Amino acid sequence: MVAQQLVSTSIRSEHAGDFRAEAAVLDLGTVQVSQFGYAPLRARRTAAHVRASDPEQYQLGLVTSGSMWISQNRNDSGPFSQDLVLWDTSRPFESGVPGTEPVRAVILSLPHSVLSLRPARVERLLAQRIPADRGMGAILAQYMRSLAVYGEECGPADLERLGSVALDLVGAALADRLGAADDELPEQARNQALLARIDTFIGHNLGDPELTPAAVAARHSISLRRLQLLFRERGQGVAATIRGLRLERCREDLGDTGQLAGTVHGVAGRWGFTSPSAFSRLFRETYGISPTEYRRAAVAAVARDVRARNDNDPCAHGTHGGAARS
């Protein structure tokens, strides 16, 4: 399975008698995303393996649970989890899962030829841990997790676009790790990476009433005009994007019957709306119903579900089964 989806290796495991593994693969055109879960093992790709079969790819792995290590090009990652690591199929490597716990990982595979960075620079990152808890590494890791969870729901055209975005984010994350100058990346890759950072910033600050297009531009050291041009390609402006995300968060909270103690205006304020009347008008224009009516409808729907479950549950009516007597 590994040989078919990634590269050929020699694998051994002390858990051969009860070895368990699973895999899923999604084709994104130029890029392939794979999910693997497997028991502790040790894998080795030798020079003979490389000569026999080499897809000439970089493979970038994100360990989502458990831990692993990899050695290549005189580098050794050491055991790690929740971070990223890069390796090259054209070079021998050795990897393993320490301890007794299984590992789960998401892996992006991309041809050498599509990565815009110079190979000599990329070599420095082989088998080196790339932190996934900050900066571009965190954005890339979050994107990889999303691909693994939701990618199979997308059609072929969407998958192609997702692959292009993945490629741009990989290039930006590696360039960021290398401290590479922006001009080493093509303009499209720079724009995609910048948009990913902006999206993350907006998502983390939706509750701030001062989150405006001007504030977003200033935070990312770009002009307001450039910010607007970036979003124009998406078909929706910056202010409209922020407003739409805020409304969606409010709709989710108003539909949550566990949050009935809070007022409608409290929900609106939590997500950055300072004018109750403006919020109510925008909500009605967007969803065709007022915020208060939406909350009532959500409560009524939950009540109907409870009644339906009780009607279908004999125990709820005091009816108990028993043995028949003659």
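Nothing here was measured: the structure is a model prediction, and the numbers come from that model. (Residues numbered from 1 in each chain as written. Predicted model: local features only at pLDDT ≥ 70, side-chain atom pairs only at ≥ 80, totals over all residues. Heavy atoms only, no water.)

1. Observations regarding the environment of Arg270
Just so we agree on the cut-off: Helix and strand assignments come from DSSP, with helices taken as H or I runs of at least 4 residues and strands as E runs of at least 2, each series counted from the N terminus. It only takes one pair of heavy atoms within 4.5 Å for two residues to be counted as in contact. Pairing of N or O atoms within 3.5 Å defines a polar contact, subject to two protein rules: one partner must be a possible hydrogen donor and the other a possible acceptor, and residues neighboring in sequence count only if both atoms are side-chain atoms.
Relative to the helices and strands, Arg270 is located in helix H10 (residues 264-270). Placed 63 residues apart in sequence, Arg270 and Gly207 show a C-alpha to C-alpha distance of 5.6 Å. Not counting the four nearest positions on each side in its chain, Arg270 is found in contact with Gly207, Asp253 and Gln259. One polar contact links Arg270 to Asp253, side chain to side chain, over a distance of 2.9 Å. At 2.9 Å, the side chain of Arg270 forms a polar contact with the side chain of Gln259.

2. Describing the pattern of salt bridges
Under the convention used in this document: Any carboxyl oxygen of Asp or Glu within 4 Å of a side-chain nitrogen of Lys or Arg constitutes a salt bridge here. Three labels apply to residues, based on accessible area from a 1.4 Å probe with only protein chains included: buried if under 20% of the type maximum, exposed if over 50%, partly exposed otherwise in between.
A complete count under the given rule lists 13 salt bridges for this structure. Asp83 is the salt-bridge partner of Arg129, the closest N and O atoms lying 3.0 Å from each other. You can see Arg129 sitting in strand E11 (residues 129-130) and its partner Asp83 sitting in the loop between strand E7 (75-76) and strand E8 (84-88), a full 46 residues away along the chain. Assessed through its relative accessible area of 36%, Arg129 is described here as partly exposed. Residue Glu248 is joined to Arg251 by a salt bridge in which the shortest nitrogen-to-oxygen separation is 2.5 Å. One end of the pair is Glu248 and the other is Arg251, both in helix H9 (residues 238-254) and three residues apart, which spans about a single turn. Overall, Glu248 belongs to the partly exposed group, its relative accessible area being 23%.

3. Observations regarding the nonpolar core
We count it as follows: Here, nonpolar core means buried Ala, Val, Leu, Ile, Met, Phe, Trp, Tyr and Cys residues that are tied together by side-chain atoms lying within 4.5 Å of each other.
If you look at the biggest cluster of nonpolar residues, it comprises 39 residues, and the most contacted ones within it are Leu108 and Leu140. The set of elements that each furnish at least two residues to this core consists of strand E2 (21-28), strand E3 (31-38), strand E5 (57-65), E8, strand E10 (103-111), helix H4 (135-150), helix H5 (156-178) and helix H6 (187-204). For Leu108, the contacting residues outside a window of four places in its chain are Val31, Gln32, Val33, Tyr58, Gln59, Leu60, Leu140, Met144, Leu147, Ala166 and Val170. Formed by 27 residues, the second largest nonpolar core is a distinct cluster that contains Leu211, Cys250, Leu282 and Tyr294.

4. Quick word on the sheet that holds E7
Our working definition: Note: two strands are recorded as paired if DSSP finds a minimum of 2 bridges between them.
Strands sit in the order E1-E4-E9-E6-E7 across an open sheet of five strands; the sheet is antiparallel. Both edges of this open sheet fall to strand E1 (10-12) and E7, since each of them pairs with a single strand only. Both E1 and strand E4 (residues 42-45) contribute to a ladder of three bridges, which runs antiparallel. Looking at E4, one finds that Arg12 is bridged to Arg42.

5. Some points on the side chain of Asn75
Secondary-structure assignment places Asn75 in strand E7. Within the local environment of Asn75, its side chain forms a polar contact with the backbone oxygen of Leu126, the two atoms lying 2.8 Å apart. Not counting the four nearest positions on each side in its chain, Asn75 is found in contact with Ile70, Glu123, Arg124, Leu126, Ala127 and Gln128.

6. Overview of the confidence of the model for the protein
Low-confidence regions, as indicated by low pLDDT, have predicted coordinates that should not be scrutinised in detail. Applicable threshold: Residue-level confidence of the predictor is summarised by pLDDT, bounded by 0 at the bottom and 100 at the top.
Per-chain confidence: the protein averages 86 in pLDDT, with 93% of residues scoring 70 or above. By mean pLDDT, helix H1 (residues 2-5) is the weakest element of the protein at 77, and E8 is the strongest at 96. For the stretch residues 319-326, pLDDT sits under 50, and the model shows one contact to residues farther than four places along the chain or on other chains.

7. Some remarks on unusual backbone geometry
The phi dihedral of Asn73 falls on the positive side, at around 55°, and the residue is not glycine. Looking at the element boundaries, Asn73 is found in the loop between strand E6 (69-72) and E7. Of note in the backbone geometry, Arg74 takes a positive phi value of approximately 65° without being a glycine. As for its placement among the helices and strands, Arg74 is situated in the loop between E6 and E7.

8. A look at the sheet that holds E5
Across the sheet, six strands lie side by side as E2-E3-E10-E5-E8-E11; this open sheet has antiparallel pairing. Two strands close off the open sheet at either side, each with one partner strand: E2 and E11. Both E5 and E10 contribute to a ladder of eight bridges, which runs antiparallel. Bridging from a neighbouring strand, Leu62 pairs with Val106 of E10.

9. Quick look at the packing of helix H11 (residues 276-287) against helix H12 (residues 291-311)
The line we're drawing: Axis lines are fitted to C-alpha atoms, over the contacting stretch for helices. Their N-to-C directions set the angle, which ranges from 0 to 180 degrees. Throughout this description, any angle smaller than 35 degrees is read as roughly parallel, any larger than 145 degrees as roughly antiparallel, any in the 65 to 115 degree range as roughly perpendicular, and the remainder as oblique. Each residue gets one of three labels, nonpolar for Ala, Val, Leu, Ile, Met, Phe, Trp, Tyr, Cys and Pro, charged for Asp, Glu, Lys and Arg, and polar for the others, Gly among them.
The geometry of H11 relative to H12 is characterised by a closest axis approach of 8 Å and an angle of 60° between their N-to-C directions. Viewed along their axes, H11 and H12 adopt a mutual orientation that is oblique. Between H11, through Phe279, Ser280, Phe283 and Arg284, and H12, the contact on the second element is made entirely by Pro291, Glu293 and Tyr294. Partitioned by chemical class, the residues of the contact of H11 with H12 number four nonpolar, one polar and two charged.

10. What to know about the pairing of E5
Most of E5 sits out of view: seven of its nine residues are buried. Bridge analysis of E5 against E8 gives five bridges, and the strand direction is antiparallel. Looking across to E8, one finds that Gly61 is bridged to Val85.

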